[in-house]
Amino acid sequence: MRNRPKKDGSSNSNSNSNSTSNQETTSGGKGTADSNSNNDVAVVTVKRSSYAILALFVLVIYGAWGVYHYQFDTLPSPMSLQQVGKRGFSEHEAMKHVQALTQLGPHSVGSESLERAIKYVANVSETIKASAHWEVDVEVDLFHVKSGFNGLVGGLFKGKSLVYSDLNHVVLRISPKYASEAGENAILVSSHIDTVFAGEGAGDCSSCVAVMLELARGVSQWAHGFKNSVIFLFNTGEEEGLNGAHSFISQHPWSDTVRVAVDLEAIGIGGKSGIFQAGPNPWAIENYASVSKYPSAQIAAQDVFTSGAIKSATDFQVYQELAGLSGLDFAYADNTAVYHTKNDKLSLLKPGSLQHLGENMLAFLLHAGASSTIPKESDTYSSEDKAIYFDILGMYMITFRQRLANMLYNSVIMQSLLIWTTSVLMGGYPAAISLALSILSIVLMWIFSVVFSVSAAFVLPLVSSSSPMPFVASPWLVVFLYGGPALIGALTGQHIGYRALESYLARSFVERKRSLPASWQSSVAKLDAERWIYKAGLLQWLVLLMVGNYFRVGSSYLAFAWLISPAFAYGLLEATLSPSRLPRQLKTVTLLVGSFVPFVLSSGMVIRLVATLTGTTVRLVRNPGTTPDWMGNIVIAVFIAAVVCLTFVYLLSYIHISGAKMPIIITASILFLISLAAVWGGVVPPFTEDTARAVNVVHVVDATKTGGENIEPASYISLFSTTPGNLIKEANEIGEGFVCGKNRHLDFVTFYANYSCWTNKNAEKGWFKSNIPTIQVDKDLKGDNRETQISIDTKDSTRWSLGINTVEIEDFQLKDAETNEELIPLGEKSSVDGWHIIQFSGGRNSPTKFKISLFWLNSGTHMKIEDGVKNEGFVLKLRTDVDKLTPPVETVLRKLPEWCSLFGKSTSPHTLAFLSSLPISF
C-alpha cells in the first residue's frame, strides 16, 4: 500500500516510520486506501475471505468423516480356508460357527438351546484336537460347575452377591508336546456362549466364540514352537453376572497357570473389534501393538468405560480383580443400539468383522505364545508402568508408558506456564487485561454453546410426539440437532468476548502507540484480538492437560496433541521477536498445519464416541419412570457442545474478521430447522425394525404381603421400557386393554418401574398358585442377638433375586436346603440404598430350596432412615423368573410393533415373574 504524505508538513522521518508500520500491518490482511478532497487520510480494513472460511468448514466436515471411515469402517476382505491355508484365519470358516449358533435362537442359562450350543462348541473342539499338528498337545475339558459364589464388590457388583449353579463350560488347552514348562505359563482367551433371552446373540457373543474356534484351529498348527500354552475358555453364565469367568478362575485347576488374560466381548454387532481395556501390566498391549496387522485400540475408550459412564461389566473385571491378571479386553462396538435386543442378528454382522479380529488375535497369540518374557506371578509393576495407547487410522499403533507421559506433559506444562508468565510480565497491565478478556471469550464460548445445545435438547421432546429421542435409528441427526446450535452458541459466545477484547485493544493502542494513525488503530486491534483468541485456545488445552496429568488420565495425550501442534505452528509461522512489529492477520496455513495431527488423532474417535453414546440411549433408563425424558438428550447435547468447543476453538478464532459469521449461523440454523421439521413430521422414524426400542413384556404375579395376612395374588401383564418416553403409542398399537401411567409401582427387587403399562386381560391364564414362591419363617430367636431361620422355595425358577433389608439385618448366611451346602458365607456385605441383593442363576439341575439365616442389628429400629432412603417395611423381597410364554404374553408379543424388542439383562425379569416378600412384622 502507498502512503500519501500529510499536508501539515510532517517530517520525512515520521513519514517513513508510519509507512513502515502501515506496510507491516496490511501485509497479512486486505488493505484499501481511500481519499477525498476534505480529509486525505489513509484507511485500512481487515477482512478474511468468507469463501476461505466456508472451505475450511467443508474440509473439517468431510475430513472428519473420512478419518472416521478409514479408521473404523474400513475392514479387511473375508478370507476362505483355501486362501489362508490351515495355519491362517478364515472368516468364511468362522462364519459357519456363527450361523450354527444363531440358528439355535436365544440360548440363555438354563435353556435347552444353550445345552445344544455347548455341545456344538465341544464337538468343534474335538475336531480341532483330532486335526492338530502332531507335535501339539490339545486337551478338551467339559467343565461342570456345581455351585459358586461371586462376591465382587467393584462397579456394578456393589451391594450384590451373585450365586450360580449347574454351569457347563468348554475349556480347550493347546501346548507344545516337548516343552514341559509351557503347561505352567498360559495365555487365556475367553468369551461366553450364553446369550440373553431376547436375542440370538450374533454379536454378543457368538461372533467371539466363532473367532475363538477358528483361532484355536490355526494355533493348533503353530504351537509346536511355543514356550507357553494357550487356553480357550468358552464359558456360560456371563450374561447373569460374569459367573462363567468367576467359576473358572476360582475352581478350574488350569486357572493357576494363566499369566495373561484376553477377553472378547461385544456392545454392538460387528465392525472393528477394538481394545477398550488393557493392563495393568503393559506387556500385553505393547506386544499386541508390535504385531497387529489392523490395530484398533483407544485408551480414551478405557477412560470412559472405567469411569462408570457405561453401566456394564465384562469377564475382564473378574480376571483383573479376582485373579490379579493383566491382559486385553476387546469389543465389537458398531450399532450399539442392537445390544441385548432381537436385532443382535446375523444379517447385521458386517463382512470383514471377524477377519479383522481374527488376524489381529492370531498374530498376537503366535507372538505371545513363543515369547520367553511372558509376565510371571513374581513380576512387579507400578502405576508409572501403565501403558498409554492409541491407533492412528487403524494402521499404526502408538504405546508409551505413564512415566514417559509424565515427563513430556510436565515439561510442556512448565514451559507453557513460563512462556505465559513471561509474556504477561513483559506486556504489563495491557497484556494481563488482554489475557483476561481472551479467557472470557473462551468461557462465554462454552456457556453459549452448552446453553444453545441444551435448549435444543429441551425443545426436541416437545416437537417429537413419537419419542423424546428421535435420533436413535439415525445417529447422524444429532450433528444437526445439537451440533448446529452448539456451533452457533460457540461462535456467538466467542465473538462477544472478541468484541470486548477488540474494544479494549483499540483504546490501548491509542495510549501505547500514539504514532499509529487513528484510521489504523481499529484494524490493528482486530488483528491483535484474533491472535489473543487463538492463544486462548492454547490456554484451554493447557488447562485440560494439567488436569489430566494430575489425575493420570490416559487420554491426556489428546490435550497434549491439541496444545503442542497448534502452538508449534503458531510459533513457527506467526510469532515474532520484534516488540515494535504490529500484528498481522493469522495465516490459514497456521491453522491447517497446527490442526492436522490432533485432527487425525481425535476426529474419528469422537464420531465413534458420539455414535456409541447415541446407541446406548436405547437402554438409558435403569428404573423406568424415574429419569426425565429429556435427560438423555441433555447428556448428548452437552457432550456435543464440549466437542465443538474443544475442537473448533482455533477455527472459530479465524471467523471474527471475516464475513462468514452470518452465512455460518444461517446455514447451521437452516440445517437445524430442517432436521427439527423432519422429526416433527415423522419423516425420520426414531426406531426401525433393525434399531428397535427396548421394552419388556412381563406376566407379573404379585403375592407381596404388606402384613402377616394371606392375600390373593394380583396378576397382570406389564409393559415397561428402558428407553425414555411414554408407551402410549405402543400400547395403542397392541391393544389388549393396556393402561399406562405411574399408578402401579413395580418393585422387581433389582430395579423398579414407576412408569409402565398394564392389562388384566386373560392374566389368570398360564400359571398356577403352586408356581408362587414361598417364604416361611422356621425359627425366630428374639433378643439382643436376634436370629431368624427362613426357608425359601423358588418352585420352578432357577433364576431369582432376593433383596435383604440391611437397615434391619446386619449379616446373613445362605445354604442349599437339600445338601446343606453353604452358598453365601457370613461376613461383611455391602449395600446400596439400604438393600443387599442376591442374584441366583443356574442350569436346569440347580437347587430350588434354600435356607437363609438372618442376623438382626442389635439396635435395629423399624422404618429407620439410612442414606436418605426410607425402609419399605419388608425384611425380604423376592422375585423369581420363569422363561415361559403364557398365552396373554404370546398375544402381546405377536402384536408388539416391529420397532420394539424385548431387552435382556441380568437384572431384568424373564417373561413370567413372581413377586413375594416377608414383612418386618411377620
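Residues numbered from 1 in each chain as written. Predicted model: local features only at pLDDT ≥ 70, side-chain atom pairs only at ≥ 80, totals over all residues. Heavy atoms only, no water.

Participant: How would you sum up the sheet that holds strand 17 (residues 787–793)? Please name residues and give values.
Facilitator: What the five strands build is an open sheet, ordered 16-17-22-19-20; its pairing is antiparallel. With partners counted over all chains shown, the strands left at the sheet margins are strand 16 (774–781) and strand 20 (822–824), one partner each. Pairs of neighbouring strands in the sheet enclose a mean axial angle of 25°, with direction left out of account. (Pairing = 2+ DSSP bridges. Helix = DSSP H or I, 4+ residues; strand = E, 2+ residues; numbered from the N terminus. Axes fitted to C-alpha atoms, helices over the stretch in contact; angles between N-to-C directions.)

Participant: I'd like a description of the pattern of salt bridges, backed by residues and values.
Facilitator: Taken as a whole, this structure holds 27 salt bridges when the rule is applied. Here glutamate 93 and lysine 96 are joined by a salt bridge, their closest N and O atoms 3.1 Å apart. Separated by three residues within a single helix, glutamate 93 and lysine 96 lie in helix 4 (residues 91–102), roughly one turn from each other. Overall, the relative accessible area of 19% leaves glutamate 93 in the buried class. With its nearest N and O atoms 3.0 Å apart, the salt bridge here joins arginine 799 to glutamate 240. Remark: glutamate 240 occurs in the loop between strand 4 (229–235) and helix 7 (243–251) and arginine 799 occurs in strand 18 (residues 799–805); sequence separation between them is 559 residues. Each of the two residues, arginine 799 as well as glutamate 240, counts as buried. One continuous salt-bridge network, built from bridges that share partners, spans Asp73, Asp334, Lys350 and Arg608. (Salt bridge = Lys/Arg side-chain N within 4 Å of Asp/Glu carboxyl O. Buried < 20%, exposed > 50% of the residue type's maximum accessible area, 1.4 Å probe, protein only.)

Participant: Please give an account of the pairing of strand 4 that cites residues and values.
Facilitator: In terms of burial, strand 4 is largely enclosed, as seven of its seven residues are buried. Alternating residues of strand 4 divide into Ser229, Ile231, Leu233 and Asn235 and Val230, Phe232 and Phe234, and every residue in both groups is buried. Judged from the five bridges that link them, strand 2 (residues 160–176) and strand 4 form a sheet pairing that is antiparallel. The partner of valine 171 across the bridge, within strand 4, is leucine 233. Where strand 3 (residues 186–192) meets strand 4, seven bridges bridge the pair, whose relative direction is parallel. Within the sheet, the bridge partner assigned to alanine 186 lies in strand 4 and is serine 229. Chirality of the crossover, the property in question, places the unit of strand 3, helix 6 (residues 202–219) and strand 4 among those that are right-handed. (Right-handed = clockwise from strand over helix to strand, strands pointing away.)

Participant: Requested: an account of the environment of leucine 646, with residues and values cited.
Facilitator: Relative to the helices and strands, leucine 646 resides in helix 17 (residues 631–647). Residue classification places leucine 646 among the buried residues on the basis of a relative accessible area of 19%. Counting along the chain gives 105 residues from leucine 646 to tryptophan 541, while the straight-line C-alpha distance between them is 7.9 Å.

Participant: Quick rundown of the environment of serine 312? Include the residues and the values.
Facilitator: With respect to the helices, strands and loops of the structure, serine 312 is situated in the loop between helix 9 (299–306) and helix 10 (315–321). On the basis of relative accessible area, serine 312 is assigned to the partly exposed category, the value being 22%. With sequence-adjacent residues up to four places away left out, serine 312 is seen in contact with Leu156, Phe305 and Tyr339. (Contact = heavy atoms within 4.5 Å.)

Participant: Tell me about helix 5 (residues 112–131), and please be specific about residues and values.
Facilitator: Look at helix 5: 29 Å from first C-alpha to last across 20 residues, which is about the 28 Å you get at 1.5 Å a residue. The complete set of buried residues in helix 5 reads Ser113, Leu114, Ala117, Ile118, Val121, Ala122, Val124, Ser125 and Ile128. Looking at the packing, one finds that the buried side of helix 5 touches helix 4, strand 1 (136–150), strand 2, helix 6 and strand 4. (Expected span 1.5 Å × (residues − 1).)

Participant: Give me the lowdown on empty space enclosed by the protein, citing residues and values where you can.
Facilitator: Summed over the entire model, instances satisfying the criterion amount to six cavities of 30 Å³ or more. Computed from the structure, the largest cavity encloses a volume of approximately 90 Å³. Taken together, Arg619, Val621, Arg622, Phe720, Thr722, Phe751, Phe903, Lys905, Thr907 and Ser908 make up the lining of the largest cavity. A class-by-class count of the residues in the lining of the largest cavity yields four nonpolar, three polar and three charged. (1 Å grid on protein atoms, 1.4 Å probe; cavity = no way out; pocket = protein on both sides within 12 Å on 5 of 7 lines; lining within 4 Å. Points joined across faces, edges and corners; volume = space filled by probe spheres on them. Nonpolar A, V, L, I, M, F, W, Y, C, P; charged D, E, K, R; others polar.)

Participant: Quick one: what's the story with a nonpolar patch on the surface, residue by residue and with numbers?
Facilitator: A cluster of nonpolar residues, Ile439, Leu440, Val443, Ile447 and Val451, forms a patch on the protein surface that exposes about 370 Å² of accessible area. The topology assignment puts isoleucine 439 in helix 12 (residues 402–463). A relative accessible area of 36% means that isoleucine 439 is categorised as partly exposed. (Patch = residues over 30% accessible without salt bridge, like charges linked within 9 Å, V, L, I, M, F, W, Y side chains within 5 Å. Areas by Shrake-Rupley, 256 points an atom, 1.4 Å probe, with all protein chains shown as cover.)

Participant: Describe the state of the cysteines, with residues and values.
Facilitator: Under the definition given, this model contains two disulfides. With a sulfur-sulfur separation of 1.8 Å, cysteine 205 is cross-linked through a disulfide to cysteine 208. Of this pair, cysteine 205 and cysteine 208 both sit in helix 6, three residues apart, which is roughly one turn of the helix. At a sulfur-sulfur separation of 1.9 Å, the disulfide partner of cysteine 740 is cysteine 757. Of note, the bridge from cysteine 740 to cysteine 757 carries an S-S torsion of about 100° and is right-handed in sense. Here cysteine 740 is found in strand 12 (residues 739–741), whereas its partner cysteine 757 is found in strand 15 (residues 756–759), with 17 residues between them in sequence. Assessed through its relative accessible area of 0%, cysteine 757 is described here as buried. The connectivity of the disulfides in the chain is 1-2, 3-4, where the numbers refer to bonded cysteines in sequence order. For the unlinked cysteine cysteine 900, the closest cysteine sulfur is that of cysteine 757, found at 11 Å. Classification of cysteine 900 as buried rests on a relative accessible area of 3%. (Disulfide = S-S within 2.5 Å.)

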